[in-house]
Amino acid sequence: MANDNEEVCENLSKVKINEEDDNSEDNSSSDNSSETSEDSVEIEVPFKVGMWDLKQCDPKRCTGRKLMRLELIDKLGMSAMFNGIVLTPVATESVSAKDNQIIAKHGVAVVDCSWARLNDTPFHKLQHRKAKKNLRLLPYLVAANPVNYGHPSKLSCVEALAAAMYIAGFKEIGDLYMSKFNWGPTFTRLNQELLDGYADCKDGKEIVAFQNQYLDQLDNNYQHAISSTDSSSDSSDNDADTTV
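Predicted, not measured: the structure shown is a model, and the values here were computed from it.

Peer 1: Looking at this structure, I do not really get helix α8 (residues 192-200). What am I missing?
Peer 2: Residue pairs spaced three or four apart in an α-helix point in one direction, given the helix's 3.6 residues per turn. All of the buried residues along α8 are Leu 194, Leu 195, Gly 197 and Tyr 198. Along the long axis of α8, the arc covered by the buried residues comes to 165 degrees, so they all point the same way. Exposed residues on α8 whose side chains face more than 90 degrees from its buried face are Glu 193 and Asp 200.

Structure, rendered in structure tokens:
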């Protein structure tokens, strides 16, 4: 079992749990583009959504803090007991459709911290030992947030939460969370094939297999494109050499 867990961990892209990139330049236009109107609309979410805020991110860019303002997420204390699914890079299993009932009953939570400071983040203090069986990774997905657009796995808090909801069978609620950001629908469009494929998988092992098949296809397509470019270049060179 330990070997299985290690294999799962090695083959999964670890969830990116913040939108702060310490090497990114400050971009006020990106900040503005990440916001939508916060005019209040009463929304009921049928399960708890939580966040541990370690205050490592730029508050102007933090999607988790915006969700707090919209009352779509609860701030969790360092020692808070949370029995739902917890998205964390120290997990060894992917979130999957198998987690539907756990989320429905106990909810889902994310850790808001800096990707650059993961080694300094006390993940072991954020989850009660009796609930560690509910720690989950996210599989390969591409970010749509303004700071890390197009980067694999560098998801903001809202992207991570919405992806988990989508994969576990709560697509409409995931769409609701993404709709609070004007770039939000782009996340779904960028990852539509992946999200639908992951949602059809019954457990984490099937998700790993689907992810790896997808990545292998990407690599094959890339190698084919490189090969075609090289062949075209060689053909052009030959034509040039034989032209009088």
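Peer 1: In this structure, what is going on with the pattern of salt bridges? I would like to understand it.
Peer 2: Working definition: two side chains of opposite charge can pair if their charged atoms are close together. Here the structure, examined in full by the defined rule, presents five salt bridges. Here Glu 93 ties to Lys 98 by a salt bridge, and the two come within 3.2 Å at their closest N and O atoms. With relative accessibility at 23%, the residue Glu 93 sits in the partly exposed group. Asp 99 is paired through a salt bridge with Arg 136; the nearest N and O atoms lie 2.9 Å apart. Pair noted here: Asp 99 is in the loop between β3 (85-87) and α4 (100-106) and Arg 136 is in strand β5 (residues 135-136), with a separation of 37 residues, a long-range link. Considered together, Asp 99 and Arg 136 belong to a single accessibility category, that of buried residues. Through salt bridges with shared partners, a single ionic network connects Glu 93, Lys 98, Asp 99 and Arg 136.

Peer 1: Is there a simple way to think about empty space enclosed by the protein in this case?
Peer 2: Gaps between atoms show up when a probe of the same size as a water molecule is rolled over them. In this structure the tally under the stated criterion is two cavities of 30 Å³ or more. Approximately 30 Å³ is the volume attributed to the second largest cavity. Around the second largest cavity, the lining residues are Ala 162, Ala 163, Tyr 166, Gly 174, Asp 175, Met 178, Phe 187, Thr 188 and Leu 195. Those elements giving two or more residues to the lining of the second largest cavity turn out to be α5 (157-167), α6 (171-178) and α7 (184-190). In the lining of the second largest cavity, the residues fall into six nonpolar, two polar and one charged.

Peer 1: Please explain the sheet that holds β5 as it appears in this structure.
Peer 2: In sheet architecture, strand pairing relies on hydrogen bonds along the backbone and comes in two forms, parallel and antiparallel. Taking strand neighbours across the sheet as the criterion, the five strands line up as β2-β1-β4-β3-β5 in an open arrangement whose pairing is parallel. Both outer strands of the open sheet, β2 (74-75) and β5, are each paired with one neighbouring strand and no more. Helix-sheet contacts for α5 involve β1 (49-53), β3 and β4 (108-112), and the interaxial angle to β4 is about 155 degrees.

Peer 1: Looking at this structure, how should I read the packing of α5 against α6?
Peer 2: Helix-helix packing is characterised by the crossing angle of the two axes and by the distance between the axes. Where α5 meets α6, the closest approach of the two axes is 7 Å, and the angle between their N-to-C directions is 165 degrees. Between α5 and α6, the interaxial angle falls into the category roughly antiparallel. Helix-helix and strand crossings are classified by hand; for α5 and α6 the assignment is left-handed. Seen from α5, the contacting residues are Val 158, Glu 159, Ala 162, Met 165 and Tyr 166; seen from α6, they are Lys 171, Ile 173, Gly 174, Tyr 177 and Met 178. For the contact of α5 with α6, the per-class residue count stands at seven nonpolar, one polar and two charged.

Peer 1: Just to check I follow, could you spell out the side chain of Glu 159 for this structure?
Peer 2: The residue Glu 159 is located in helix α5 in this model. Under the relative-accessibility criterion, Glu 159 is labelled buried at 0%. In this structure the side chain of Glu 159 is engaged in a polar contact, spanning 2.7 Å, whose partner is the side chain of Asn 145.

The rules behind each value
- All residue numbers here refer to positions counted from 1 along the written sequence of the relevant chain.
- Local features are withheld for residues below a pLDDT of 70 in this predicted model, meaning they are given only at 70 or higher, and side-chain atom pairs are given and counted only at 80 or more; totals for whole chains, interfaces and linings count all residues.
- With hydrogens and water stripped out, all remaining heavy atoms of the structure feed into the side-chain values.
- With a 1.4 Å probe rolled over the protein chains alone, any residue whose accessible area is under 20% of its type maximum counts as buried; one over 50% counts as exposed, and the rest are partly exposed.
- By definition, any uninterrupted DSSP run of H or I lasting at least four residues is a helix, any uninterrupted run of E lasting at least two residues is a strand, and each is numbered from the N terminus.
- Note: the arc covers the axis-to-C-beta directions of the helix.
- Take a side-chain nitrogen of Lys or Arg and a carboxyl oxygen of Asp or Glu: if they are within 4 Å of each other, that pair is a salt bridge.
- Grid spacing is 1 Å over the protein atoms alone, the probe is 1.4 Å, and a cavity is where that probe fits but cannot get out, while a pocket is an open set with protein on both sides within 12 Å along at least five of seven lines and lining residues have an atom within 4 Å of a point.
- Grid points are joined across faces, edges and corners, and a volume is the space filled by probe spheres set on the points.
- Charged means Asp, Glu, Lys or Arg here, nonpolar means Ala, Val, Leu, Ile, Met, Phe, Trp, Tyr, Cys or Pro, and polar covers whatever is left, Gly included.
- Strand pairing is assigned whenever DSSP detects at least two bridges linking the two strands.
- By definition, residues are in contact when any of their heavy atoms lie within 4.5 Å.
- Between N-to-C directions, angles span 0 to 180 degrees; the directions come from axes that are lines fitted to C-alpha atoms, helices contributing only their stretch in contact.
- To sort the angles, those under 35 degrees are grouped as roughly parallel, those over 145 as roughly antiparallel, those from 65 to 115 as roughly perpendicular, and the leftovers as oblique.
- In this scheme the crossing of two helices becomes right-handed for a clockwise turn of the near helix relative to the far one and left-handed for an anticlockwise turn of less than a right angle.
- Whenever two N or O atoms come within 3.5 Å, that pair is a polar contact, provided that in protein one can donate a hydrogen and the other can accept it, and provided that, for residues adjacent in sequence, both atoms are side-chain atoms.

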